[in-house]
Amino acid sequence: MIFQDENSFDIAAKIERMPCAILPIGAVEAHGPHLPLGTDNLLAERLARRLAERTDSFVLPTLPYGQVWSLQNFPGSINVSNEALVRMLYDIGESLVRQGFRIFVMLNGHLGNAVALKEAARLLYRDYPELKVYYFFYPGAKEAINEVRESPSSHSSYFHACELETSYMLYLAEEHVDMSRAISDPPEIGLEADCTPTPWETFTQTAVLGDATLAAKEKGERIIEATLAAMTAMIQEAKQRIHTGKEK
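Residue positions are given per chain, counting from 1 as you read along its sequence in written order. Only residues with pLDDT of at least 70 get local features here, since the model is predicted, and only at 80 or more are side-chain atom pairs given and counted; chain-wide, interface and lining totals rely on the full set of residues. Excluding hydrogens and water, the side-chain values take into account all heavy atoms of the structure.

## Some words on helix α6 (residues 163–172)
Exposure classes here rest on a 1.4 Å probe applied to the protein chains alone. A residue is buried below 20% of its type maximum, exposed above 50%, and partly exposed in between. We count a stretch as a helix when DSSP gives it H or I for four or more residues in a row; a strand needs E for two or more, and each element gets its number in order from the N terminus. The buried fraction of α6 is high, at 10 of 10 residues. Among the residues of α6, those classed as buried are E163, L164, E165, T166, S167, Y168, M169, L170, Y171 and L172.

What follows is the structure in structure tokens.
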């Protein structure tokens, strides 16, 4: 259910029945020649809608800006600080608690946001322990990725505009993908990049961290459905605990 489409007269009763709010969080940044600047927003928003359908939850308006320090010098990228992002997420969570929500899902489409999401969740846990806060970034996807991936990973923890992310887009937002412009440009990322601030232009000129030409809708479906199942299970369990607590 789309939260911003509701009205003030009816919303309180609906929150009582549907205590979970999902916030899609993305970014505006370079994604090579074949994907749009808003790729992370599209993925987060469309994933959020599918998750909301499976869990009977509200989808909040997308938070479209993220921490993109690594790609801030690429054409089209817009960066906000971790501090600004943490403050925004905390304030949104605080408002949700006051409205009666019991579960706050921060559904992240951009890995660069991870630090801010975790910090905001910890602050909300400290101040509002009754609010269950999740920060999701494709949980439960590892096994599916290992099954379908054909190209080697350019980095141990992140991926970008590559076989994986392009496959996600082909499954969730195919109309925004131009596979005729997909390229293979796997960079060499040294260990030092994990140990010191390293702008991405030092190892890539395209922002494509792998072989986007190997992307396929079927690969995206396998991975996305796996992560949807994992997220759905966690939310449903949290809702069950809330329901059980109310009955006591």
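## Side note on the pattern of salt bridges
One side-chain nitrogen of Lys or Arg within 4 Å of one carboxyl oxygen of Asp or Glu is enough to make a salt bridge. Counted under the stated rule, the structure contains 13 salt bridges. The partner of R54 in a salt bridge is E225, and the shortest N-O contact between them spans 2.4 Å. Taken together, the residues R54 in helix α2 (residues 39–55) and E225 in helix α7 (residues 217–247) connect sequence positions 171 residues apart. Accessibility expressed as a relative area gives 37% for R54, which makes it partly exposed. Several salt bridges share partner residues, and in doing so they unite R50, R54 and E225 into one network.

## A closer look at the sheet that holds strand β1 (residues 20–25)
At least two DSSP bridges between two strands are required for those strands to pair. On the basis of which strands lie adjacent, the open sheet formed by four strands has the order β2-β1-β3-β4 and parallel pairing. At either end of the open sheet lies a strand with only one pairing partner, and these are β2 (58–59) and β4 (132–136). Bridge count for strand β3 (residues 103–108) against β4 is five bridges, and the pairing is parallel. Each residue of the ladder has a partner; that of V105, found in β4, is Y134. The criterion used for residue contact is that any of the two residues' heavy atoms lie within 4.5 Å. Only C-alpha atoms enter the line fits that serve as axes; for helices the fit covers just the stretch in contact. Angles between N-to-C directions range over 0 to 180 degrees. Against the sheet, helix α3 (residues 82–99) contacts β1 and β3, and its axis sits at roughly 150 degrees relative to β3.

## Quick word on the environment of G38
Mapped onto the secondary structure, G38 falls in the loop between β1 and α2. Spatially, the C-alpha atoms of G38 and A27 are 6.5 Å apart, while their sequence positions differ by 11 residues.

## What about the packing of α3 against helix α4 (residues 114–127)?
Direction vectors running N to C along α3 and α4 enclose 40 degrees, while the axes themselves pass 8 Å from each other. In terms of orientation, α3 lies oblique with respect to α4. Considering how the two elements wind past one another, α3 and α4 form a crossing that is right-handed. Contacts between α3 and α4 involve N82, L85, V86, L89, Y90, G93 and E94 on the former and, on the latter, V115, A116, L117, E119, A120, L123, L124 and D127. A breakdown of the residues in the contact of α3 with α4 according to their chemical character gives 10 nonpolar, two polar and three charged. Roughly parallel refers to an angle under 35 degrees, roughly antiparallel to one over 145, roughly perpendicular to one between 65 and 115, and oblique to any angle outside these ranges. Working rule for handedness: look at the near helix, and if it is turned counterclockwise from the far one by less than a right angle, call the crossing left-handed; if clockwise, right-handed. In the scheme used here, Gly and all other residues not listed as nonpolar or charged are polar, with Ala, Val, Leu, Ile, Met, Phe, Trp, Tyr, Cys and Pro taken as nonpolar and Asp, Glu, Lys and Arg as charged.

Such coordinate-based values are descriptive only and should not be taken to indicate function.
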